[in-house]
Amino acid sequence: MAPRRHIIDGLYRCLCPQFNNILANKSAVAQFRPRNLSAPASARCLSITRPTHQSIDPVPEPAPQTPLPEPQDTLPLTKGANETSPVSKIRMVDYSGPLWNKLINFDRKERPFIRHGRQALQDIDKVKGLAHRGAFPEVFDVARALVESGYEPDRELYSALVYACSNFPGCLMQDLAFNLVSEMKNRGIQPNSEIYHHLLKLLATSPDYLKRTEVLKEMKDNWHTVSDDGWQWVISGHLMGGNLEHALAIIEERREKGLVVHRSTYEHAIHRLCAVGEAEEALRITKTLDDEGFWKTPPKVVYDLLVVGTKQMHLDCTMWSWFQANDRQLFTPDDGVCLLTLNVAARYGAAKLATDVFRVLVNRKFEYEEHHFAALLETYVAAGNLPTAFSILNIMEAANVPPKPNTTRSIVNKLARNNSPQDIESAYEILLSQRKPKNSVHIAALNAIIAAFVRIADVKSAFNVYKEIPDFDLRPDLQTFNWLLQGAAEQGRKKFAMWIVAEMQEMGIKPGEETYESLVLVCAAQEVINDAFAYLEEMKNMRLKPSERVYKALAVRCYELRDWRFNEVIKEMDERGYSGQGIVEMLHQRKVEEEQAVVEAQKMQGAVYVVEGDGEGSQKPAVKVEQQFGLKSRW
């Protein structure tokens, strides 16, 4: 049975637009080689004879009843009128893409009708292979040689070169890729969807949102649909450019519509959020994907969340990522991340988190230092677990890491926060309950109680705790006396301070820098300040550096007492790099304010006398302002 013949009419042409190109191609060649309809179908093929310039005429419209020509693998051998040797066979090319994307320009002035031989086909395949591997500059060298050999640049060649630019790391080939597209347009070749997607892939690593917008607009104008991969590249480009809100909006829109969002896109978005410190949003997206069963959170995402959570002091993000990493054994946190996590636990009193951090450090045989235990202690203090916090001090001593004066600062701050002696007494009761086992209470714990009483200006209660230290089978240390001396200095109790110094000498405890500073301050508060200068000289002889606070207290006291050593103190402050001139300006400003207060007081006093007169402007004897307001004139 003979095959059915297709009727080619206007409807057929509308439904199959590529058929026009096939008929046009066939009719153009038929101009210079008439077709022999009587010959069999296998012999009715296009001649390889190249057309002359005169043979290129407008293509006539083919008859509607003309059957579709059969595709041929080879061209037949033909001989021209003047040819003496046969022409070799040339294999036809079956394009894999849609035919309407392979436009042919029949205007010889713009594009000659050239058939590519086997060598040209091999060269274009080589260009594609080099472009796929991103081999530079070989891909451009081969393409240049191909064009110089007579190959007419077409969409296929340009697509391979733009693809090569997109495979190059980063966006360094962006300008070259767009120059190639501009050159292609100048040749009358319109980019197809494949080329546009190559540009989107290239712009995925570029912050140039203007070019990306331009490409998307051209695709929309030319009715090209952005593929799923194309949208991933668009999102990546927005993330790279720092436009996180727009990128997240696209992701959310595709999620609502049930469209594809790649796993790598989510990872990139979470990474960028962590990089800018958005721990809350990064954690929300991660937990949502985890709850939906989209993934088991990758180790890289967990690490990013752990780092940003610890740096931003975000408790939920830190705890979730920490236990994900350890429970699933994704990775072992390094020492820096462990310390940051310990700080977060200390901030919020997350005792479970702090304990797990120490478990990791113990398994690693980590060498502990004072600040590690201080963070752990602060964690239990913030959690309100004072018994455990006090017991950590004994653990530190057992680990050969004795507590320092600042180790118990968190305990002191918590006890003195409300300025309530009852809170401090409750903490002291905890120590009394822990003193039954031998060496169960550390002297640093009692020092914290004394420091808390000193902080609320209750020196008497602090001294009572000092007297009960022997009941704990303990001996006072230097920090114990320093806290007591600090309380004496704040209240100006010199006799009490001297008694404490005698106690130190009797126990053989050598004074330190803080001890001398308290002695200078308590002596400077007296009417006679010679002892203050004596302790200052003794301090310098022991090569201890007096602080700016000490010099400031002496300078102010010398100014108030009109002591001749005021200038010497200011001079020595300048020599040590302290702001001596600032003290002078401060005292001068205070003097001006006092004088203005005296003048205002005199005016008010004079007004009172006028009102209380006998009506004739008489005044009572003036009363001295100094006696009235308790002010003394300076200098």
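Cut-offs and rules
- Residues numbered from 1 in each chain as written.
- Predicted model: local features only at pLDDT ≥ 70, side-chain atom pairs only at ≥ 80, totals over all residues.
- Heavy atoms only, no water.
- UniProt positions renumbered as here; feature names shortened; annotations may be inferred.
- Helix = DSSP H or I, 4+ residues; strand = E, 2+ residues; numbered from the N terminus.
- Contact = heavy atoms within 4.5 Å.
- Areas by Shrake-Rupley, 256 points an atom, 1.4 Å probe, with all protein chains shown as cover.
- 1 Å grid on protein atoms, 1.4 Å probe; cavity = no way out; pocket = protein on both sides within 12 Å on 5 of 7 lines; lining within 4 Å.
- Points joined across faces, edges and corners; volume = space filled by probe spheres on them.
- Nonpolar A, V, L, I, M, F, W, Y, C, P; charged D, E, K, R; others polar.
- Salt bridge = Lys/Arg side-chain N within 4 Å of Asp/Glu carboxyl O.
- Phe/Tyr/Trp six-rings, centres within 6.5 Å; stacked < 30°, edge-to-face > 60°.
- Lys NZ or Arg CZ within 6 Å of the ring centre and 35° of its normal.
- Buried < 20%, exposed > 50% of the residue type's maximum accessible area, 1.4 Å probe, protein only.
- Axes fitted to C-alpha atoms, helices over the stretch in contact; angles between N-to-C directions.
- Parallel < 35°, antiparallel > 145°, perpendicular 65-115°, else oblique.
- Left-handed = near helix turned anticlockwise from the far one by under 90°.
- Arc of directions from axis to C-beta.
- Core = buried A, V, L, I, M, F, W, Y, C linked by side-chain atoms within 4.5 Å.
- pLDDT = per-residue confidence, 0-100.
- Polar contact = N/O pair within 3.5 Å; in protein donor to acceptor, adjacent residues only side chain to side chain.

UniProt lists a comment for the chain under the heading Sequence similarities (unreviewed entry), and it reads "Belongs to the CCM1 family." Taken directly from UniProt, the Subunit (unreviewed entry) text for the chain runs: "Binds to mitochondrial small subunit 15S rRNA."

S.K.: Whenever I open this one, the overall build of the chain confuses me. Can you help?
M.R.: When its secondary structure is counted, the chain shows 30 helices and 0 strands. Relative to all contacts within the chain whose residues are 6 or more apart in sequence, the contacts with residues 24 or more apart total 63%. When the accessible surface of the chain is summed, it comes to about 36500 Å², and 52% of that surface belongs to carbon and sulfur atoms.

S.K.: How do you make sense of the environment of E278 when you look at a structure like this?
M.R.: Residue placement: E278 occurs in the loop between α11 (263–275) and α12 (279–291). C-alpha of E278 to C-alpha of Q312: the two residues are 34 residues apart in sequence and 8.7 Å apart in space.

S.K.: Would you mind showing me how to read unusual backbone geometry here?
M.R.: Working note: non-glycine residues mostly have negative phi, and peptide bonds are mostly trans. Although it is not a glycine, N419 adopts a positive phi angle of roughly 55°. Along the chain, the position of N419 falls in the loop between α19 (409–415) and α20 (421–434).

S.K.: I would appreciate a short explanation of the UniProt feature "repeat: PPR" (unreviewed entry) in the chain in the present structure.
M.R.: The UniProt feature table records "repeat: PPR" (unreviewed entry) at residues 154–191 and 477–511. End C-alpha atoms of residues 477–511 are separated by 11 Å, and the span's content is 80% helix alongside 0% strand.

S.K.: Help me understand the layout of surface pockets, please; the structure alone is not making it clear to me.
M.R.: Empty space among the atoms becomes apparent when a probe as large as a water molecule is rolled across them. Here the second largest pocket is characterised by a volume of approximately 360 Å³. Listed by contribution, the elements that provide at least two residues to the lining of the second largest pocket are α15 (335–348), α17 (370–382) and α19. Considering every element that reaches the lining of the second largest pocket, the biggest residue donor is α17, with 8 residues. Here the residues of the lining of the second largest pocket are counted per class, giving 7 nonpolar, 7 polar and 5 charged.

S.K.: It is not clear to me how the pattern of salt bridges should be interpreted in this structure. Could you clarify?
M.R.: Two side chains with opposite charge may pair up if their charged atoms get near one another. Tallied over the full model, the rule gives 21 salt bridges. Ionic pairing is found between K540 and E537, a salt bridge with its closest N-O pair at 3.1 Å. Highlighted residues: K540 and E537, both in helix α26 (residues 530–541), separated by 3 residues, approximately one helical turn. In this structure, the salt-bridge partner of K540 is E572, at a minimum N-O distance of 2.7 Å. One end of the pair, K540, is in helix α26; the other, E572, is in helix α28 (residues 566–575), with 32 residues separating them in the sequence. Ionic contacts of the salt-bridge type, sharing partners, join the residues E537, K540, E572 and R576 into one network.

S.K.: Would you take a moment to explain the packing of aromatic side chains for this structure?
M.R.: Working definition: an aromatic ring pair is given by the centre-to-centre distance plus the angle between the planes. For the structure on display, the rule yields 17 aromatic pairs. With a centroid separation of 5.6 Å and an interplanar angle of 85°, the aromatic rings of F463 and F496 are classed as edge-to-face. Placement of the pair is F463 in helix α22 (residues 459–467) and F496 in helix α24 (residues 494–507), with a sequence separation of 33 residues. Through a chain of ring-to-ring contacts, the aromatic side chains of F463, Y466, F481, F496 and W499 assemble into a single cluster. Its end group placed over the ring of F178, K211 keeps NZ or CZ at 4.6 Å from the ring centre.

S.K.: Explain helix α7 (residues 193–203) to me, please; I cannot follow it from the model alone.
M.R.: Since one α-helical turn is 3.6 residues long, residues separated by three or four positions face the same way. In terms of burial, α7 is a largely internal element, 8 of the 11 residues being buried. Taken together, the buried positions of α7 are I195, Y196, H197, H198, L199, L200, L202 and L203. Tucked into the core, α7 has its buried residues touching α5 (155–167), α6 (174–186), α8 (209–221) and α9 (228–240).

S.K.: When you look at the packing of α5 against α6 in this model, what are you seeing that I'm missing?
M.R.: Between two packed helices, both the angle of their axes relative to each other and the distance between the axes serve to describe the pair. At a minimum axis distance of 9 Å, the contact between α5 and α6 shows a crossing angle of 165°. Taken as axis vectors, α5 and α6 run roughly antiparallel relative to one another. Between α5 and α6 lies a crossing whose hand is left-handed. Between α5 and α6, the contacting residues are Y158, L161, V162 and C165 on the first element and L176, A177, L180, V181, E183 and M184 on the second. In the contact of α5 with α6, the residues fall into 9 nonpolar, no polar and 1 charged.

S.K.: What's the story with helix α4 (residues 138–148) in this structure? I'm lost.
M.R.: The complete set of buried residues in α4 reads V139, F140, V142, A143 and L146. Here the buried residues of α4 occupy an arc of 160° about the axis, which is enough to place them on one side. Phi for G150, located one or two positions after α4, is positive at around 115°.

S.K.: Where do I start with the nonpolar core in this structure?
M.R.: Across soluble globular proteins, you tend to see nonpolar side chains buried next to one another. Counting 102 residues, the largest nonpolar core has L446, I449, I450 and L554 as the members making the most contacts within it. Of the residues forming this core, the biggest block, 11 residues, is contributed by helix α21 (residues 443–455). Ignoring sequence-local partners within four residues, the contact set of L446 consists of Y428, L431, V441, V465, I469, F472 and L474. Core analysis: the second largest hydrophobic core is formed by 58 residues, F140, V162, L199 and C317 among them.

S.K.: How should I be thinking about the environment of I285 in this particular structure?
M.R.: If you trace the backbone, I285 turns up in helix α12. Taking the C-alpha atoms as reference points, I285 and I270, 15 residues apart in sequence, are found 7.6 Å from one another. If we skip the residues at most four places from it in the chain, I285 touches L248, Y266, I270 and L273.

S.K.: How should the confidence of the model for the chain be read in this particular structure?
M.R.: Low pLDDT marks stretches whose predicted atomic positions should not be read closely. Taken as a whole, the chain shows an average pLDDT of 78; of its residues, 76% reach a score of 70 or greater. Contacts of residues 24–117 to residues separated by more than four positions or lying in other chains number 104 contacts, the stretch itself having pLDDT below 50. Segment residues 610–635 is flagged for pLDDT under 50; beyond a separation of four residues in sequence, or across chains, it makes 27 contacts in the model.

S.K.: I tried to follow the side chain of T407 on my own but got confused; where do I start?
M.R.: Along the chain, T407 falls in the loop between α18 (386–398) and α19. A polar side-chain atom of T407 sits 2.5 Å from a polar atom in the side chain of E370. When near neighbours in sequence (up to four residues on either side) are disregarded, T407 contacts E370, A374, L377, L393 and M396.

S.K.: So what exactly am I meant to see when it comes to the packing of helix α27 (residues 548–561) against α28 here?
M.R.: At a closest axis distance of 9 Å, the pairing of α27 and α28 adopts a crossing angle of 155°. By the angle between their axes, α27 is roughly antiparallel relative to α28. For the element pair α27 and α28, the recorded crossing hand is left-handed. Facing E548, Y551, K552, L554, A555, C558 and Y559 of α27, the residues of α28 in contact are F566, V569, I570, E572 and M573. Considering only residue class, the contact of α27 with α28 consists of 9 nonpolar, no polar and 3 charged.

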